[in-house]
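A structural walkthrough
The residues making up each chain are set out below.
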Amino acid sequence: MFEMFNRVFNTKSNIKETEQKIPQGQIVENNNEGAVVVSVPDGGTYAQHLAFNFDYNSQAELVESYREIAQIPEVKNAIDEVVNDAISYHEDENPISISLADVPKEILVEKTCKKIEEIWDNKIIKLLNLNYDAHLLFEQFYIDGIKAAHIIPTEKKNGGIEKVVVLDAVDIVKIRNEKRDNKTGQIIKIEEYFQYKPNSFLNKKDKSRDTNTTNSYNVGKAVTENTYILPKESVAYATSGMRDFATGLVKGWLHEAVKPATQLATLENSLLVYRLTRAPERRVFYVDVGGLTASKAEQYVENLKNRFRNRMVLDPASGSFKDKRHLMTMQEDFWLPRQNGRGTEVSTLAGGQSLGEIDDVMYFLKKLYKALNVPSSRFEDNGATLAFDRAPELSRDELKFSKYVSKVRKRFNYWLSQILRTELILTKTISEEEWEKLENYIVFNYSQDFYLEEKKRNELFRQRLALASELGVTDFVGNIYSMDYVKTNILQMTQTEIDDQKKQIEIEDKEKPKDKNDDTNNENDEDVNDDS
């Protein structure tokens, strides 16, 4: 049987594991998260069905394949493009913030909305360390296609979340138990929970996760043999929302790039080997062995060859050449015994031709970029520079890429919202019923690249002003836009800068010398007053 986890939601917690409400007549449940479904007839049992087998699916192997291709330089660059577009850091703002400005008052009052925003800024961001690790969390979610975290509440009543521990995607699986009616087959009851087994899928290439290594604190097999059950409410779990219809497994965003990336890596390795073996010219030694027997002739040639041998072998792991005298390589000269009195002869074997053609490599490279959904123009080194002038027309590929990043963000938001929900309900800030009404109104705001966003915004604003001018509008400031709006939204000045500049202007007005003409006019005005 399973060993229960020692820090799950206890009876003192505000959150209780509830059964999912099933409409009458339902026979199928959505499963976009790739949960392992166990269907049993009414009256049956499924408690021990999964107790002795955790690695029966290949979801972990699929995630490991994504991580493996993520180490390929071209794939790594594409991942960086997605992450850099999604997450941006600025000194004066959080990388991810929330806004509840659109929440109707009949759902939640403004005071509670402000409190929720403060909880996000003051606690959730610190729990996840978003100000420093937001890009790392997003990158791992993008690579794996699955994001899971164990939410640990405080023992204090209404204390909220104490800690959020991010779990490895290969160690956790979602289990769904569906109990069905024996006659109609309709679903009567659904129970969902998570099964967690540390280091369940040890990758031989990833020694950092192997508990048998000397640099690990958990030496031995005691940890790897434990399997834990985590209630659904204690885990924040999100996936890409995509499934492989052939296997039912969750697909990551790199799924379509696995095949072209592997093909490209294989082709590059074979091309390198071919060039190293066929590029140099090699010698052919025809050794006259006279009337020696076959065995003696072979030994004679071998002894002669060992006196001139210098074997260099390419190490694919490091890319360097190593002297391996005990290995036979394809770069060596050819030594052939010859009889019939034709004598010893040395000739030259020409090297390979057309070694500079890489059309096949470029074909698979373009195919890889298309599978990664990143515009190939971002990787072309054509000496293009960033122009600080009016923006050119947006290409179709860039528009498609922007929508693609937004979809990935949306799934990441779902993971963040689960952590926020748990904190709000644990602290009794809102109830579960209020959360169900509120969650669709929460807006996650990501810090954008300052220059590009401002450039796009200014270009759109310039076009609006031009359109208004064509309609006859001339005086914008004072009639349509206030001076405060110009300072705040167009000049992007903060309130502190506005106040400082206002004080500085007042100081400069006092220090400004008076015009002599103004003094003369004042004296004439005084003379006129005296005469009268």
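Residues numbered from 1 in each chain as written. Predicted model: local features only at pLDDT ≥ 70, side-chain atom pairs only at ≥ 80, totals over all residues. Heavy atoms only, no water.

Attention now goes to the overall build of the protein chain. Along its length, the protein chain carries 13 helices and 16 strands. Burial analysis of the protein chain (532 residues in total) assigns 37% to the buried set. For the protein chain, long-range pairs separated by at least 24 residues make up 75% of all intrachain contacts whose partners lie at least 6 apart in sequence. (Helix = DSSP H or I, 4+ residues; strand = E, 2+ residues; numbered from the N terminus. Buried < 20%, exposed > 50% of the residue type's maximum accessible area, 1.4 Å probe, protein only. Contact = heavy atoms within 4.5 Å.)

Now for the confidence of the model for the protein chain. The share of residues in the protein chain with pLDDT of 70 or more is 70%, and the mean pLDDT across the chain is 76. Ranking the elements of the protein chain by mean pLDDT puts helix α13 (residues 516-531) last, at 53, and helix α4 (residues 130-144) first, at 94. Overall, residues 1-18 carries pLDDT values under 50, and its contacts beyond four positions in sequence, including any with other chains, amount to 48 contacts. Segment residues 207-224 is flagged for pLDDT under 50; beyond a separation of four residues in sequence, or across chains, it makes 24 contacts in the model. (pLDDT = per-residue confidence, 0-100.)

Formed by 70 residues in total, the largest nonpolar core has its most connected members in W120 and W415. The contact partners of W120, leaving out residues within four places of it in the chain, are I96, S97, I98, I125, L130, L416, L420 and F444. Core analysis: the next-biggest nonpolar cluster, separate from the first, contains 12 residues, I146, L167, A169 and Y237 among them. (Core = buried A, V, L, I, M, F, W, Y, C linked by side-chain atoms within 4.5 Å.)

Turning our eyes to something else, we now look at the sheet that holds strand β4 (residues 161-167). The sheet built from 3 strands is open, its strands ordered β4-β3-β8 with antiparallel pairing. The sheet is open, and its two edges are formed by β4 and β8 (235-239), each paired on a single side. Each adjacent strand pair in this sheet contributes to an overall mean axis angle of 20 degrees, direction not counted. Strand direction decides the pairing type here: strand β3 (residues 146-153) and β8, joined by 5 bridges, are antiparallel. When the sheet's bridge partners are listed, A149 is paired in β8 with A236. Its contacts with the sheet place α4 against β3, β4 and β8, and it is angled at close to 130 degrees to β3. (Pairing = 2+ DSSP bridges. Axes fitted to C-alpha atoms, helices over the stretch in contact; angles between N-to-C directions.)

Moving on: the pairing of β3. Burial analysis of β3 places 8 of its 8 residues in the buried class, which makes it a mostly covered element. What you see with β3 is no split at all: I146, A148, H150 and I152 on one side and K147, A149, I151 and P153 on the other are buried throughout. In this structure, β3 lies alongside β4, joined through 6 bridges in antiparallel fashion. Across the sheet, P153 pairs through a bridge with I161, a residue of β4.

With that settled, consider the packing of α4 against helix α8 (residues 396-426). Their axes nearest at 11 Å, the elements α4 and α8 cross at an angle of 105 degrees. Relative to α8, the element α4 lies roughly perpendicular. Contacts between α4 and α8 involve L137, F138, F141 and Y142 from the first element and Y404, V408, R409, R411, F412 and W415 from the second. By residue class, the composition of the contact of α4 with α8 is 8 nonpolar, no polar and 2 charged. (Parallel < 35°, antiparallel > 145°, perpendicular 65-115°, else oblique. Nonpolar A, V, L, I, M, F, W, Y, C, P; charged D, E, K, R; others polar.)

With that settled, consider the packing of aromatic side chains. Considering all chains together, one arrives at 12 aromatic pairs under this definition. When the centroid spacing of 5.3 Å and the interplanar angle of 75 degrees are considered together, the rings of F138 and F412 count as edge-to-face. Placement of F138 in helix α4 and of F412 in helix α8 is noted, with a sequence separation of 274 residues between them. Note on accessibility: F138 and F412 belong to one class, buried. By way of ring pairs, the aromatic residues F138, F141, Y142, W253, Y404, F412 and W415 are connected into one cluster. Taking the ring centre of W415 as reference, the NZ or CZ of K147 above it sits at 5.8 Å. The side chain of R409 reaches across the aromatic face of Y446, ending 4.5 Å from its centre. (Phe/Tyr/Trp six-rings, centres within 6.5 Å; stacked < 30°, edge-to-face > 60°. Lys NZ or Arg CZ within 6 Å of the ring centre and 35° of its normal.)

Their axes nearest at 8 Å, the elements helix α3 (residues 110-128) and α4 cross at an angle of 55 degrees. Classified by the angle their axes make, α3 and α4 are oblique. Where α3 crosses over α4, the handedness of that crossing is left-handed. Between α3 and α4, the contacting residues are W120, I125 and L128 on the first element and L130, N131, D133 and L137 on the second. Counted by class, the contact of α3 with α4 contains 5 nonpolar, 1 polar and 1 charged residues. (Left-handed = near helix turned anticlockwise from the far one by under 90°.)

With respect to the helices and strands, T227 occurs in the loop between β6 (187-196) and β7 (228-231). Measuring from C-alpha to C-alpha, the distance between T227 and Q195 comes to 7.0 Å, with 32 residues separating the pair along the chain.

Relative to the helices and strands, D144 is located in helix α4. Within the structure, the side chain of D144 is placed 2.9 Å from the side chain of R67, a separation counted as a polar contact. Excluding its chain neighbours within four sequence positions, the residues that come into contact with D144 are V63, Y66, R67, A169 and G252. (Polar contact = N/O pair within 3.5 Å; in protein donor to acceptor, adjacent residues only side chain to side chain.)

As a further point, take a nonpolar patch on the surface. Together, Y485, I490 and L491 line one region of the surface with nonpolar side chains, adding up to about 250 Å² of accessible area. Among the structural elements, Y485 can be located in helix α11 (residues 483-490). We classify Y485 as partly exposed; its relative accessible area is 32%. (Patch = residues over 30% accessible without salt bridge, like charges linked within 9 Å, V, L, I, M, F, W, Y side chains within 5 Å. Areas by Shrake-Rupley, 256 points an atom, 1.4 Å probe, with all protein chains shown as cover. Salt bridge = Lys/Arg side-chain N within 4 Å of Asp/Glu carboxyl O.)

Our next topic: the pairing of β6. Most of β6 sits out of view: 7 of its 10 residues are buried. In this structure, strand β5 (residues 172-180) lies alongside β6, joined through 9 bridges in antiparallel fashion. Within β6, the residue paired with I172 across the bridge is Y196. As consecutive antiparallel partners, β5 and β6 are separated by 6 residues, and within that stretch G185 has a phi angle of approximately 80 degrees, a positive value. Note: β6 against β7, 4 bridges, orientation antiparallel. Residue pairing across strands places Y196 opposite Y228, the latter belonging to β7.

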